[in-house]
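Architecture and fold: a report
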Amino acid sequence: MKQITGMVVELKEKTCVILTRSGEFREVRRPSREVRPGEEIVAKTAAAVWWKPLLAAASVFILLWAGFLYSGWSNEAVAYVGLDINPSVELGINRRQQVCQASGLDAEGRALLQKVTLRGLPLDEAITAVLTEAVSEQYLNPAGENVILTTVTVVKEQSRAILDREQISRCIQGTLNRSGVRAEVAVEEAPAEVRRQAREAGLSTGKYLQRLRGPEKRGLPVPGSIAGLPQKNAAVREEKEHFKTRELTGPGKGIPKGAPGKEEKEAGKKGPERGAQKEPFKENTRENTQNGLDEIRPPFQSRFPEKKRPPDERYSPNERYGSDRKQNGDNDRTDQADQVKVKAGKKMSTAKWAI
Amino acid sequence: MLPFENLEKELKKARSGDPDAREKLLEDLRQFVLQTASHLCRRRLEWGRDDELSIAYLAVNEAIDRYREEQQVPFLAYARLLVKSRLTDYLRREARVPLLLDSEETAAALDASRAWEEHWVREAALEREEEIKEFNSLLNSYGISFADLVKYSPKHADTRRVLLSVAGYLSARRDLMSSLVRTKKLPVRELAELTGVNPKTLERGRKYIIAVALIWHHCADFLYLCSYLRPGAGEEEKK
């Protein structure tokens, strides 16, 4: 409150009007001592009492309104997390890491969402719920090859921090472990533009990404094996290290999702460019696999010497690449593979593997 | 009407012993003396005929010497007060009808500087109050209240400066002032043309302009207000 000097010209109940030397007529608070018109006084500019209640009201309004603006309350999706198992769902996350919207991007996705309520749940819980439901609905096969592709998209750069891919993959993995299901998990980041295009194409972000990278990467037949951009290779690969790896079976062994497994993933992660591909990449679509399990692509062959690989005893180093490499578990896992095949056979008919 | 800046300069010079300056000053103040004395005596006075004028004249001369600037009282007000005292004494001595203010003081008491100081400080305060009251009623006759003035006082220094200069211009123009007095309304269109100020601005600051113009036009009547609000007051933002 600043001081102001002026000559009193009028006295009111609680205030008085003064004329300042600079020619301004102002209403100020009446000084405690007795003043008469004509006196020059130095007053505080808390002009009159009239604005106090107004200010109070205004403050209340502002507080209320600010409360709405406060992003903590806002329920705007600042990021999207897409889960592609085979049902594809996408969760919109608000600033508090809660799910504010959930949409199924294909029929199964929508059906799944019918079964679980995700709105308002924190991201972790939502993911768990989805996965659990997927397991119980047999979308995720406890004994089989599962791939979960997760794409995260931030809408605004400043909310990037709220999405922690590590955290998401840990969460997924945790749920998987609890359900006793193994799966390939990859967590990718996709820019908003990509997501938008995916929407336009009618696909989930993950599948769209896959398709985008398809012609380049070839040999990324399944969701979950999408290689990241070079700088993400390491990160994604690290995630993979935590996961139980998929068995690799050779062609014809009946891996529903296609033969290229972990090793392709690894190879794929080594760089955006793929080596010479022996076969044109075929997406593992329903069309392509109509003939059943036989339509399995040959294992991916990469030119790149692998630099890093997850410690995996199943491959002998020399036999890592090449068609005559020992397929992991050829001998000891045959039974399981057969089981998978059987199950996969069942599942194939339900077109679950249609991507 | 009463050029305060000049007055002060002259006053300073006169006080510092310059006889020519004093002459000039007294010459300038003749009109003031006449008005004040006439007002106090409530009759038309004439130089040479009425003693009252001489007394008043002498009082003003005395005021030049006795005036102290620190008192926040404008010189003219001080001079007026002194004239009032002297005249009151004179008239009482002459056994005429008591005047406006029946001052208790005698000439002797007046000379005792302390008593005199207290006296005219009180007097000045009373006069100020009177003046403001008068001003208030004058404003009311134009449909303006002090509350209005608070509302329409330009808060922004620039606007204030503009309006004040308009008021200054207006108060100096007899014709415009008489038009104002007659119609109780501001001749906005003319003023806009003459000053080049946007009519809208003038409209919004209407009441303010009128109030200030009135003060400056009737400077002698509103001595305190007038000296408080010097022409060019908009520039004085120093605090």
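Some points on the overall build of chain A
Of the regular secondary structure elements, chain A holds nine helices and nine strands. Within chain A, buried positions represent 54% of all 355 residues.

Regarding the nonpolar core
Judged by nonpolar contacts, the single largest core of 42 residues is most densely connected at Phe 25 of chain A together with Phe 135, Phe 146 and Leu 170 of chain B. Among the elements that line this core, the one with the most residues is helix α12 (residues 206-217) of chain B, at nine residues. Those residues in contact with Phe 135 of chain B, other than ones at most four positions away along the chain, are Phe 146, Ala 211, Leu 214, Ile 215, Phe 222 and Leu 225 of chain B. Counting residues in each nonpolar core, the second largest holds 36 residues, with Leu 40, Ala 56, Val 60 and Ala 63 of chain B among its members.

Focus on the state of the cysteines
Residues and elements named next belong to chain B. Inspection of every chain in the model, using the stated rule, returns one disulfide over all chains. Between Cys 219 and Cys 226 runs a disulfide, and the two sulfur atoms are separated by 1.8 Å. Handedness of the Cys 219-Cys 226 disulfide follows from its S-S torsion of about -85°: it is left-handed.

A short note on the interface of chain A and chain B
Across the boundary between the two partners, chain A contributes 23 residues, which contact 25 residues of chain B. Between chain A and chain B, the buried area comes to about 2100 Å², and carbon and sulfur atoms account for 59% of it. The interface formed by chain A and chain B contains two salt bridges. Arg 160 of chain B is paired through a salt bridge with Glu 24 of chain A; the nearest N and O atoms lie 2.9 Å apart. Breaking the side of chain A that touches chain B down by element, the ones donating at least two residues are β1 (3-11), β2 (15-20) and β3 (25-29) of chain A. In terms of residue count, the dominant contributor to the side of chain A that touches chain B is β1 of chain A (seven residues). Along the lines of polarity and charge, the residues of the side of chain A that touches chain B split into eight nonpolar, six polar and nine charged.

How each quantity is defined
Residues numbered from 1 in each chain as written. Chains lettered and ligands numbered in written order. Predicted model: local features only at pLDDT ≥ 70, side-chain atom pairs only at ≥ 80, totals over all residues. Heavy atoms only, no water. Helix = DSSP H or I, 4+ residues; strand = E, 2+ residues; numbered from the N terminus. Buried < 20%, exposed > 50% of the residue type's maximum accessible area, 1.4 Å probe, protein only. Core = buried A, V, L, I, M, F, W, Y, C linked by side-chain atoms within 4.5 Å. Contact = heavy atoms within 4.5 Å. Disulfide = S-S within 2.5 Å. Buried area = accessible area lost by both parts, 1.4 Å probe. Salt bridge = Lys/Arg side-chain N within 4 Å of Asp/Glu carboxyl O. Nonpolar A, V, L, I, M, F, W, Y, C, P; charged D, E, K, R; others polar.

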